[in-house]
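# Fold and geometry: a report
Listed below are the residues making up each chain.
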Amino acid sequence: MLVITASALIWVGTAFAGYAIYLALIPQITAPWAAAVAAVILVIGPLGWAAIVNVRRPAQPSRPRLHQPDPRIAAVAPGDAETATLNLLAKVAQEKPLLAVVFAGILGASEALANRRNQT
């Protein structure tokens, strides 16, 4: 919820900044050009920052390092998806029981909805 609120505040702040630039430019140029200049200013700022950060970043190796897959999760045949889901849930339950309860609840609710749709 905090991320959504922060994102909304950023968007509203950007909108007010654009409107302030627009209002400041209206006496010098026409309204459509003021809107275009305000948009360009608000786009060039973040793109310029991203370019500067990209240029200052150290060079990366030619091939990215990939992590090794978790050997506890075995490859699953397409027809055996339900068994694989239950096996994965059992493995999660061994390490994090509360998380497994949440996943089981979500899985049960999705199964109930799927069965309800199939019955109608």
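Right, let's get into the overall build of the protein chain. Looking only at helices and strands, the protein chain features 4 helices and 0 strands. A burial count over the protein chain gives 5% of its 120 residues as buried. Only carbon and sulfur atoms are counted for the fraction: they give 70% of the accessible area of the protein chain, which is about 10600 Å².

Taken together, the side chains of Ile29, Trp33, Val37 and Ile41 make up a nonpolar region of the molecular surface, amounting to roughly 370 Å² of accessible area. Among the structural elements, valine 37 can be located in helix α2 (residues 31-56).

Per-chain confidence: the protein chain averages 80 in pLDDT, with 84% of residues scoring 70 or above. Helix α1 (residues 2-25) holds the highest mean pLDDT among the elements of the protein chain, 88, whereas helix α3 (residues 81-95) holds the lowest, 77.

This part takes up the packing of α1 against α2. For the pair α1 and α2, interaxial distance at closest approach is 8 Å and the crossing angle is 135°. If you check the angle between α1 and α2, you find them oblique. Between α1 and α2 lies a crossing whose hand is right-handed. Contacts between α1 and α2 pair Thr14, Gly18, Ile21, Tyr22 and Leu25 from the former with Ala31, Ala34, Ala35, Val37, Ala38, Ile41 and Leu42 from the latter. Among the residues making up the contact of α1 with α2, the classes are represented as 10 nonpolar, 2 polar and no charged.

Another aspect to go through is the environment of alanine 100. With respect to the helices, strands and loops of the structure, alanine 100 is situated in helix α4 (residues 97-119). Look at alanine 100 and you get buried, because its relative accessible area is 7%. Distance from alanine 100 to leucine 89, taken between C-alpha atoms, is 6.1 Å for residues 11 residues apart in sequence.

With that settled, consider the packing of α3 against α4. At a minimum axis separation of 6 Å, α3 and α4 run at an interaxial angle of 150°. What the angle tells us is that α3 and α4 run roughly antiparallel. In this structure, α3 contributes Thr85, Leu86, Leu89, Val92, Ala93 and Glu95 to the contact, and α4 contributes Pro97, Leu99, Ala100, Phe103, Ala104 and Leu107. In terms of residue class, the contact of α3 with α4 is built from 10 nonpolar, 1 polar and 1 charged.

Scoring rules and cut-offs
Residues numbered from 1 in each chain as written. Predicted model: local features only at pLDDT ≥ 70, side-chain atom pairs only at ≥ 80, totals over all residues. Heavy atoms only, no water. Helix = DSSP H or I, 4+ residues; strand = E, 2+ residues; numbered from the N terminus. Buried < 20%, exposed > 50% of the residue type's maximum accessible area, 1.4 Å probe, protein only. Areas by Shrake-Rupley, 256 points an atom, 1.4 Å probe, with all protein chains shown as cover. Patch = residues over 30% accessible without salt bridge, like charges linked within 9 Å, V, L, I, M, F, W, Y side chains within 5 Å. Salt bridge = Lys/Arg side-chain N within 4 Å of Asp/Glu carboxyl O. pLDDT = per-residue confidence, 0-100. Axes fitted to C-alpha atoms, helices over the stretch in contact; angles between N-to-C directions. Parallel < 35°, antiparallel > 145°, perpendicular 65-115°, else oblique. Left-handed = near helix turned anticlockwise from the far one by under 90°. Contact = heavy atoms within 4.5 Å. Nonpolar A, V, L, I, M, F, W, Y, C, P; charged D, E, K, R; others polar.

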